[in-house]
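Report on the structure
The primary structure of each chain is shown beneath.
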Amino acid sequence: MLTAFVMISADVHSIPETAQAVADIDGVTEVYSCAGDVDLIAKVRVRDHEGLAEVVTNRINRLQGVAHTTTHIAFRSYASKETEAGFAVGE
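Residues numbered from 1 in each chain as written. Predicted model: local features only at pLDDT ≥ 70, side-chain atom pairs only at ≥ 80, totals over all residues. Heavy atoms only, no water.

1. Looking at the environment of R47
Checked against the element boundaries, R47 lands in the loop between strand 3 (40-46) and helix 2 (49-59). Overall, R47 belongs to the exposed group, its relative accessible area being 74%. When the C-alpha positions of R47 and M1 are compared, they lie 4.6 Å apart, and in sequence the two are 46 residues distant. For R47, the contacting residues outside a window of four places in its chain are M1 and L2. (Helix = DSSP H or I, 4+ residues; strand = E, 2+ residues; numbered from the N terminus. Buried < 20%, exposed > 50% of the residue type's maximum accessible area, 1.4 Å probe, protein only. Contact = heavy atoms within 4.5 Å.)

2. Focus: the nonpolar core
Looking at soluble globular proteins, one finds that nonpolar side chains tend to be buried together. V6, I8, V28, V44, L52, V55 and I60 are the most contacted members of the largest nonpolar core, which totals 19 residues. Counting residues per element, this core draws most heavily on strand 1 (residues 2-10), at five residues. Beyond its immediate stretch of four places on either side in the chain, L52 contacts L2, A4, V44, V46, T57, T71 and I73. (Core = buried A, V, L, I, M, F, W, Y, C linked by side-chain atoms within 4.5 Å.)

3. As for helix 1 (residues 15-23)
Those residues of helix 1 that sit buried are I15, T18, A19 and V22. One side of helix 1 holds all its buried residues, which, seen down the axis, span an arc of 100 degrees. Exposed side of helix 1, more than 90 degrees from the buried face: P16 and E17 are the residues found there. Structurally, helix 1 contributes buried residues whose contacts are with strand 1, strand 2 (28-33), strand 3 and strand 4 (66-73). (Arc of directions from axis to C-beta.)

4. A few points about the pairing of strand 1
Burial within strand 1 is extensive, with seven of its nine residues counted as buried. Where strand 1 lies against strand 3, seven bridges are found, and the strand directions are antiparallel. Bridging from a neighbouring strand, A4 pairs with V44 of strand 3. For strand 1 and strand 4, the ladder comprises seven bridges, and the chain directions are antiparallel. Considered in strand 4, the bridge of F5 is made with H72. (Pairing = 2+ DSSP bridges.)

Take a look at the structure:
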């Protein structure tokens, strides 16, 4: 499996609708709205690069409300209980 993170710049007036539309795409496992340089971050899990191209190029980039995307492909995943606990504040 291939994991990628897609940074999405969206129309400020339609961020919630755009986030839901991205979340509804097969291969997208999570979508976060966030502060900073981008409006949304989508986590994508697909079998191969062809699948990634389909999700990002043919689906996400064509959604109304998406202005620009940048895709980062993950090589490895690192996790520890301490790291996970840091992101679970308030849960």
